[in-house]
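# Breakdown of the fold
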Amino acid sequence: MSDDQTSAAGRPRDSLAAIASLVRGEAAVWLREPGLGLAVDAAPLTIEEVEDARARFIRFEPVLSTLFPSGGWDGQIRSELIAYPGSGAPNLLVKCDHALPMAGSVKARGGVYELLCHVEELALRRPLISPGQSLEALLTPESLAVLEARRIVVASTGNLGFAVGLVARALGLQAEIHMSHDAKTWKKDRLKSIGATVIEHACDYTGAVARARSSAEAEDAYFIDDENSRRLFVGYAAAAAELAGQLSARGLTVGPDSPLIVYLPCGVGGAPGGVTAGLKQIYGQDVLAVFVEPVASPCVLVALAAGQGVPVSVYDLGLDNDTIADGLAVPSASPLVLQAIGRNIDAAVAVTDQAMVQWVRRAWAEAGLRLEPSGASGFAALALFIERARVAGLINPTATPIHVVWATGGSLLPEPEFSALLASDAA
Ligand SMILES: *Cc1c(COP(=O)(O)O)cnc(C)c1O
């Protein structure tokens, strides 16, 4: 196997065809050249990083369950894996991260993980706790007084800010959330109501990140950098072992005859990238990762199609990054994600706003799933991917794949927002 980045890229003619579809506002599929095996990424995820993340999540369980006691929650950031009852595809499972505790989105994994890393680091440095001591000491008035003086800064199109702001405030930290113009009003209002500082920018996500980064230069601040954070990435990767356990509990074995295909909604690429890196560690070539993006914001697809392993702006292709999927409205991918997993992303599928909204309705009608458009995008990619992957030989004709659509957000959508989506004529 060559170490050349282009060896892991798709065929140039297909890449051009995908870009041409996008420019026409149509769905597009980019496939990695099949049969190359696992490529070596420039900065791959290590086993130690994932184990460290799992252990940290466990250490924080008593703290989180005390701070978020509703429903007798045990503090585990975990979601159900359910069989999809409708006729989407045979062997279709749904990973219900739209219903994750606290945040109601996949950001409860990566965003919250980085926050926990920082809080633990701070607590050991002060010290508020000694190594090995239970983290419940973080809940004492003395600890709160220290945490109150710290400011967490993050930029968001909505969900990352919501997750980080919510948990940061619960821990007593100040939260400064820089929202891009995509952010929905209800997410901003909820953050304000819990005492977060919400700074609304008229610019896109890349611009909001730049503004947040400069605001966080002060001594008292910690910046969660969605475009460059290894911690975020690792937090998401920890989800892989959870899924693997759930698949075995269902008696499902992943292998060459029953490959696992995961459909992962993608913004900057941190969430899908982390999950993919974790799953490739467990299943190697028997898992195929399909990144799903809006037609107007396919930042990972265009970076993969260009084949250089670096971000490409969707604006440079004449796309406008204007989508109903606020969680995925990102014009330029995370460079860190491209380095950590870019060579092993098997496919990128761009779906239309209309298809996402249709799936919001369908997942509700058929399965009672409350999803936002970003969270429903994985369903919209399934048929497009299967058709192309079979033709391209990426799926063996005799194999019986296990399809997992990762539902990434929406359970906290307020009723008026959700009804408006169900009634909208975007579809
Ligand atoms: C943030 C988000 C994603 C994608 O995560 P990235 O790390 O930005 O790629 C997917 N779905 C929803 C609902 C999100 O909020």
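Residues numbered from 1 in each chain as written. Predicted model: local features only at pLDDT ≥ 70, side-chain atom pairs only at ≥ 80, totals over all residues. Heavy atoms only, no water.

## Things to note about the pattern of salt bridges
Heads up, the condition is: Salt bridge, as used here, is a side-chain nitrogen of Lys or Arg placed within 4 Å of a carboxyl oxygen of Asp or Glu. Burial here depends on accessible area, computed with a 1.4 Å probe over protein chains only, as a share of the maximum for the residue type. Under 20% is buried, over 50% is exposed, and the range in between is partly exposed. In this text, helices come from DSSP runs of H or I with a minimum length of four residues, and strands from runs of E with a minimum of two, each type numbered from the N-terminal end.
Scanning the model with the defined rule gives 21 salt bridges in all. Note that Glu-26 is salt-bridged to Arg-24, the shortest N-O span being 3.2 Å. Judged by its relative accessible area of 37%, Glu-26 falls in the partly exposed class. We classify Arg-24 as exposed; its relative accessible area is 54%. Two residues, Lys-280 and Asp-346, come together in a salt bridge whose shortest N-O distance is 2.6 Å. Highlighted residues: Lys-280 in helix H10 (residues 270-283) and Asp-346 in the loop between helix H12 (335-341) and strand S10 (347-351), separated in sequence by 66 residues. Judged by its relative accessible area of 10%, Lys-280 falls in the buried class.

## Observations concerning the environment of Thr-352
The line we're drawing: Contacts are assigned to residue pairs that have any heavy atoms within 4.5 Å of one another.
Mapped onto the fold, Thr-352 is located in the loop between S10 and helix H13 (353-367). Residue Thr-352 is classed as partly exposed on the basis of its relative accessible area, which comes to 22%. Between the C-alpha atoms of Thr-352 and Glu-26, which are 326 residues apart in sequence, the distance is 6.7 Å. Look past the residues within four positions of Thr-352 in its chain and what remains in contact with it is Gly-25, Ala-27 and Val-295.

## Regarding the sheet that holds strand S5 (residues 174-179)
Strand pairing in a sheet relies on backbone hydrogen bonds, with the paired strands running either antiparallel or parallel. Here is the rule we go by: A pair of strands is considered paired only if DSSP assigns at least 2 bridges between the two. Fitted lines through C-alpha atoms serve as axes, helices being fitted only where they are in contact, and the angles separating the N-to-C directions of these axes extend from 0 to 180 degrees.
Pairing in this open sheet of 4 strands is parallel, and the strands run S6-S5-S4-S7 from one edge to the other. Single-partner strands in this sheet number two, and they are strand S6 (197-200) and strand S7 (221-224). Strand-to-strand twist in this sheet, taken as the mean axis angle between neighbours without regard to direction, amounts to 20 degrees. Sheet topology note: the S5/S6 ladder contains 4 bridges and is parallel. Paired with His-178 across the two strands is Ile-199, which belongs to S6. Against the sheet, helix H3 (residues 107-125) contacts strand S4 (151-156) and S7, and its axis sits at roughly 150 degrees relative to S7.

## A short note on the domain arrangement of the protein chain
Selection criterion: Residue ranges for the domains trace back to a domain assignment, done automatically or taken from a database.
Along its sequence, the protein chain is organised into domain 1 (3-46 + 72-103 + 233-423) and domain 2 (106-228). Spacing between the C-alpha centres of domain 1 and domain 2 amounts to 26 Å. On the domain 2 side, the residues contacting the 34 residues of domain 1 number 25 residues. Counting every contact that joins domain 1 to domain 2 gives 4 salt bridges.

## Thoughts on the state of the cysteines
Two cysteines whose sulfur atoms are joined by a covalent bond form what is called a disulfide. Here is the rule: In this description, a disulfide is simply a cysteine sulfur pair whose atoms lie within 2.5 Å.
On inspection of all chains with the given rule, the structure shows 0 disulfides. Cysteine Cys-266 shares no disulfide, and the gap to the nearest cysteine sulfur, in Cys-299, comes to 5.5 Å. Assessed through its relative accessible area of 0%, Cys-299 is described here as buried.

## Overview of the pairing of S10
By the criterion of burial, S10 is predominantly enclosed, with 5 of the 5 residues buried. On S10, burial covers both faces: Ala-347, Val-349 and Val-351 on one face and Ala-348 and Ala-350 on the other are all buried. Taken together, the 4 bridges between strand S1 (residues 28-31) and S10 define a ladder with antiparallel strand orientation. Among the inter-strand pairings, Leu-31 is bridged to a residue of S10, identified as Ala-347. As defined by bridge partners, strand S9 (residues 287-294) adjoins S10 across 5 bridges and the pair is classed as parallel. The residue bridging Val-290 from the neighbouring strand is Ala-347, located in S10.

## Thoughts on the sheet that holds strand S3 (residues 92-96)
Taken together, 7 strands build an open sheet; the order of strands is S1-S10-S9-S8-S11-S3-S2 and the sheet is mixed. Two strands in the sheet have a free side with no partner beyond their single neighbour: S1 and strand S2 (81-83). Recorded for the sheet is a direction-independent mean angle of 20 degrees between the axes of neighbouring strands.

## Thoughts on the packing of aromatic side chains
Aromatic ring pairs are described here by two measures, namely the spacing of the ring centres and the angle between the planes. The line we're drawing: The pairing test for Phe, Tyr and Trp rings, Trp by its six-membered ring, is centres within 6.5 Å, and the orientation test on the planes gives stacked under 30 degrees, edge-to-face over 60, and tilted for anything in between.
Tallying each qualifying case throughout the model produces 7 aromatic pairs. With centroids separated by 5.1 Å and ring planes inclined at 55 degrees, the aromatic side chains of Tyr-84 and Phe-379 adopt a geometry described as tilted. With Tyr-84 in the loop between S2 and S3 and Phe-379 in helix H14 (residues 373-392), this residue pair connects regions lying 295 residues apart in the sequence. Comparing Tyr-84 with Phe-379, the two get one shared label, buried. The interplanar angle of 80 degrees and the centroid separation of 6.0 Å between the aromatic rings of Tyr-263 and Phe-385 together place this pair among those described as edge-to-face. Residue Tyr-263 is located in strand S8 (residues 260-265), and its partner Phe-385 is located in helix H14; the two are separated by 122 residues in the primary sequence. Taken individually, Tyr-263 and Phe-385 each receive the classification buried, so the pair is uniform in this respect. These aromatic residues form a ring-pair network of at least three members: Tyr-84, Trp-359 and Phe-379.

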